[in-house]
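Coordinate inspection notes
Okay, here's what each chain looks like letter by letter:
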There are 2 protein chains.
Amino acid sequence: MDNPSSFIAQVCRLIEPVDQAWLSAARERQLTLTKPPGSLGRLEEIANRLAAIQRTATPVVTKKRIYVVAGDHGVTTEGVSAYPREVTAQMVFNFLRGGAAINVLCRHYGIENVIVDVGVDYDFQERPGLVSKKVRRGTENFVEHPAMTEEEAIRAIQVGMDCAQGYDLIGTGEMGIGNTTSSSAILAVIAGLPVEEAVGRGTGVDDERMRHKANLIRQALHSHQPDPHDALDVLTKIGGFEIAAIAGLIIAAASRRIPVVVDGFISGAGAMIATKLAPESRQFIFFSHLSRERGHRRMMEYFSARPILDLDMCLGEGTGAAVAMSIITAAVRLYQEMATFESASVSRG
Amino acid sequence: MDNPSSFIAQVCRLIEPVDQAWLSAARERQLTLTKPPGSLGRLEEIANRLAAIQRTATPVVTKKRIYVVAGDHGVTTEGVSAYPREVTAQMVFNFLRGGAAINVLCRHYGIENVIVDVGVDYDFQERPGLVSKKVRRGTENFVEHPAMTEEEAIRAIQVGMDCAQGYDLIGTGEMGIGNTTSSSAILAVIAGLPVEEAVGRGTGVDDERMRHKANLIRQALHSHQPDPHDALDVLTKIGGFEIAAIAGLIIAAASRRIPVVVDGFISGAGAMIATKLAPESRQFIFFSHLSRERGHRRMMEYFSARPILDLDMCLGEGTGAAVAMSIITAAVRLYQEMATFESASVSRG
């Protein structure tokens, strides 16, 4: 294609709204199952939405995968994180050896796991489980320069788009020291929030460092003036490669009618970009958990979303998505496997 | 033994408080794992408490079982439920054939499942998966008479006590048309709540039937005057056989240092009885989910508990316990299997 951004627009146009007729059919089926109407609560809503997304009376969530997208951030030179920048690459090795939280959860819940290097400041050798799609070794420090070029933003989105296929349910995850700073900036711009409400402790900085983060973001927004209505502009000026890739993952999944389980704060920033580019993609998103990261509650308000879980987690990697994917799978199995009043000869109320 | 109630008191005395030294050791270990301190939130608290209950650095939750305890209620003759009384026995058959929600969830999460008949108004034949320990074919209508004799209450408690062994993690579940009425009465008495705050829709009654339930409870409390400080008196006058058995299950599990995952509103009424009889048993309880049944929020306030899940469920059977047991298992696996900063060569903050 000549114009890569027109390719993104083309994928966005492929997204069709979720079918209300399938949703009604699923609700009807729920009423036949041996339980008081509505008594499985949100598990019913989840299964119904799955059935509608897949346009089927027999939804399936057998093949599940979480993409842990990793990238580095130039803004780390400003001292925004409790951890040194090298930890991004070190954690990629930890993922590849199976020692990180997301590995344990994926093993526990039968979810495949793949690491996507879209911008880590380290040259990895080829390895199973690692998809090498590096756009650049980390973004620019967005306090001084735009984080990336528009061409880089588009390439990072396309990395995510290429991933989104072959699965019944996809989860987002990420790793990138400094990426709560970028996510807070995106939240502030797109939701129109005061910066101090969008900034939090990330991996655990103190009050002073949190104020420092907020000041850096204010400075960047002041000098770059990202346009809240232009998601590509926002990404280019204050984004991250992994955030761009997550946005691409969500958009392409929605275009293929694959539901996406969005992890926490950073993945949520990716979802903000995705839904700015393609508002219909919102219907394919399941927000997995309410993160303890301070801005996440406001982010969920922006989406009018009530996440599935609230476990005070704030680790990222896709850990919240993994736990929620298990609940989604349970919801679908209930819908599929429960006896009906008729088949079980149980009297109705 | 000559005096059965002294046997219960004896089991209660066996319960030892959870060891704070093991709790501290678990917290120390969490700090060595490759994640920002505290970033797994409640999953860390859960694993730490498990380690402390089991008094080990290597907690295990391999063998898991949910007991679905079933009993009928005399108060159903007053028209308190949206379903006819026969549904209790019909659902027992559904459980035994694997068609109920709890069966699906137990299959999904690798949890064993057993049905305990402690008071169903139907004579079942012997069947695998069914423990027959019927005390009587349903309680008395407690609006007119005490629900059971003290001797029956003690026998029902002992049925539960006999169950609580051989597992790393035990979940409570129940089936009994009419049992939200009994549970609401127990909540009102023990927590000292106005009856209207303790009563809810159960399996889905309308406003009028809900007021009817409340009036019946007021009438029963007025004529029997159960003593809120005497759990056996409360059980005898307004309880249910399955609620008594759940109380016994919790007490005996605690005496054997087995953590218990308590399902929703009715199981919670069992927990109120258990913790009245043996306050230390509280430390062994994990409250699984916030039920949509109206009184449950007040019940959780009574326990100062924040349940693990909030999914608008109100089905009972142990369905909330099953989902929470999976999260508890995940929490323990994270604690056990994650790499440390040292082993993974990841820099600390």
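Keep in mind it's a predicted model, so treat the numbers as computed, not measured.

1. Topic: the nonpolar core
Generally speaking, soluble globular proteins have nonpolar side chains that are buried together. Formed by 284 residues in total, the largest nonpolar core has its most connected members in Ile327(A) and Ile327(B). Filtering out sequence-adjacent residues up to four positions away, Ile327(A) remains in contact with Leu43(A), Ile46(A), Ile308(A), Leu309(A), Tyr109(B), Leu309(B), Leu311(B), Val323(B) and Ile327(B).

2. Some points on the confidence of the model for chain A
The predicted model of chain A has a mean per-residue pLDDT of 96, with 99% of residues at 70 or higher. Both scores are given for the predicted complex: the pTM is 0.97, the ipTM 0.97.

3. With respect to the pairing of strand 2 (residues 112-119) of chain A
Residues and elements named next belong to chain A. Most of strand 2 is tucked away: 6 of the 8 residues are buried. Strand direction decides the pairing type here: strand 1 (residues 64-71) and strand 2, joined by 7 bridges, are parallel. Looking across to strand 2, one finds that Val69 is bridged to Val116. As judged from the 3 bridges shared by strand 2 and strand 3 (residues 130-132), these two strands associate in the parallel manner. Across the sheet, residue Asp117 finds its bridge partner in strand 3, namely Ser132.

4. Considering the packing of helix 6 (residues 150-163) of chain B against helix 10 (residues 231-238) of chain B
Residue and element names in this part refer to chain B. In the contact formed by helix 6 and helix 10, the axes pass within 9 Å of each other and the chain directions differ by 105°. Considering their axes alone, helix 6 and helix 10 lie roughly perpendicular with respect to each other. For the pair helix 6 and helix 10, the contacting residues are Glu150, Ala153, Ile154 and Ile157 in the first and Leu232, Leu235 and Thr236 in the second. Here the contact of helix 6 with helix 10 is built from residues that sort into 5 nonpolar, 1 polar and 1 charged.

5. Overview of the sheet that holds strand 6 (residues 285-287) of chain B
Each strand in a sheet pairs with its neighbour through backbone hydrogen bonds, running either in the same direction (parallel) or in the opposite one (antiparallel). Residues and elements named next belong to chain B. On the basis of which strands lie adjacent, the open sheet formed by 6 strands has the order 3-2-1-4-5-6 and parallel pairing. Whereas interior strands pair on both sides, the edge strands pair on one side only; in this sheet they are strand 3 (130-132) and strand 6. Direction aside, the axes of adjacent strands within the sheet are offset by 25° on average. Where strand 1 (residues 64-71) and strand 4 (residues 169-175) come together, 7 bridges link them in parallel fashion. Bridged to Val68 within strand 4 is Gly173. Lying on the sheet, helix 11 (residues 241-255) is in contact with strand 1, strand 2 (112-119), strand 4, strand 5 (260-262) and strand 6; it crosses strand 4 at an angle near 175°. Here helix 12 (residues 265-277) sits on the sheet in contact with strand 4, strand 5 and strand 6, set at roughly 120° to strand 4.

6. Overview of the interface of chain B and chain A
Every contact between the two is made by 55 residues of chain B and, on the other side, 55 residues of chain A. In total, chain B and chain A occlude about 4,500 Å² of area from one another, counting both sides; carbon and sulfur atoms represent 59% of this. The three residues of chain B that bury the most area against chain A are Tyr83(B), His108(B) and Leu311(B), which together make up 12% of that side's buried surface. Connecting chain B to chain A are 6 salt bridges. The shortest N-O distance in the salt bridge between Arg107(B) and Glu337(A) comes to 3.0 Å. Viewed at the interface, chain A and chain B are joined by 24 residue pairs in polar contact (both at pLDDT 80 or more). Per element, the largest residue contribution to the side of chain B that touches chain A is 8 residues, and it comes from helix 14 (residues 319-337) of chain B. Considering only residue class, the side of chain B that touches chain A consists of 29 nonpolar, 14 polar and 12 charged.

7. Observations regarding the packing of helix 11 of chain B against helix 12 of chain B
Residue and element names in this part refer to chain B. Between helix 11 and helix 12, the shortest axis-to-axis distance is 8 Å and the interhelical angle comes to 55°. Classed by the angle they form, the pair helix 11 and helix 12 counts as oblique. When you trace helix 11 past helix 12, the crossing you get is right-handed. Here Ile243, Ile246, Ala247, Ile250 and Ile251 of helix 11 lie close against helix 12, whose contacting residues are Ile266, Ser267, Ala269, Gly270, Ala271, Ile273, Ala274 and Leu277. Among the residues forming the contact of helix 11 with helix 12, the class breakdown is 11 nonpolar, 2 polar and no charged.

8. Quick word on the domain arrangement of chain A
All names here are of chain A. Examined at the domain level, chain A breaks down into domain 1 (4-60 + 333-344) and domain 2 (64-329). One C-alpha centre belongs to domain 1, the other to domain 2; they are set 27 Å apart. Contacts between domain 1 and domain 2 engage 21 residues on the former and 27 residues on the latter. A combined buried area of about 2,200 Å² lies between domain 1 and domain 2, and 68% of that area is made up of carbon and sulfur atoms. Between the two partners, domain 1 and domain 2, sit 0 salt bridges. Applying the counting rule to domain 1 against domain 2 returns 7 residue pairs in polar contact (both at pLDDT 80 or more). Only helix 1 (4-14) and helix 3 (42-54) provide two or more residues apiece to the side of domain 1 that touches domain 2. Grouping the amino acids of the side of domain 1 that touches domain 2 by side-chain chemistry returns 14 nonpolar, 2 polar and 5 charged.

9. Here we look at the environment of Thr62(B)
Here Thr62(B) lies in the loop between helix 3 (42-54) and strand 1. Along the backbone, Thr62(B) and Arg298(B) are 236 residues apart, and their C-alpha atoms lie at a distance of 33 Å.

10. Here's the deal with unusual backbone geometry
Residue and element names in this part refer to chain A. A positive phi angle, close to 50°, is found at Gln225, a residue other than glycine. By secondary structure assignment, the location of Gln225 is in the loop between helix 9 (207-224) and helix 10 (231-238). Not every positive phi belongs to a glycine, and Glu317 is a case in point at roughly 70°. For Glu317, the location among the structural elements is in the loop between helix 13 (296-302) and helix 14 (319-337). For Glu317, a relative accessible area of 2% translates into the label buried.

11. Some thoughts on helix 11 of chain B
Since one α-helical turn is 3.6 residues long, residues separated by three or four positions face the same way. Residues and elements named next belong to chain B. With 15 residues, helix 11 should cover 21 Å at 1.5 Å per step; its first-to-last C-alpha distance of 21 Å lies within 8% of that length. The element helix 11 is extensively covered by neighbouring structure, given that 15 of its 15 residues are classed as buried. Of the residues trailing helix 11, Arg257 is marked for its positive phi of about 55°.

Calculation notes
- Residues numbered from 1 in each chain as written.
- Chains lettered and ligands numbered in written order.
- Predicted model: local features only at pLDDT ≥ 70, side-chain atom pairs only at ≥ 80, totals over all residues.
- Heavy atoms only, no water.
- Core = buried A, V, L, I, M, F, W, Y, C linked by side-chain atoms within 4.5 Å.
- Buried < 20%, exposed > 50% of the residue type's maximum accessible area, 1.4 Å probe, protein only.
- Contact = heavy atoms within 4.5 Å.
- pLDDT = per-residue confidence, 0-100.
- Helix = DSSP H or I, 4+ residues; strand = E, 2+ residues; numbered from the N terminus.
- Pairing = 2+ DSSP bridges.
- Axes fitted to C-alpha atoms, helices over the stretch in contact; angles between N-to-C directions.
- Parallel < 35°, antiparallel > 145°, perpendicular 65-115°, else oblique.
- Nonpolar A, V, L, I, M, F, W, Y, C, P; charged D, E, K, R; others polar.
- Buried area = accessible area lost by both parts, 1.4 Å probe.
- Salt bridge = Lys/Arg side-chain N within 4 Å of Asp/Glu carboxyl O.
- Polar contact = N/O pair within 3.5 Å; in protein donor to acceptor, adjacent residues only side chain to side chain.
- Left-handed = near helix turned anticlockwise from the far one by under 90°.
- Domains from an automatic or database assignment.
- Expected span 1.5 Å × (residues − 1).

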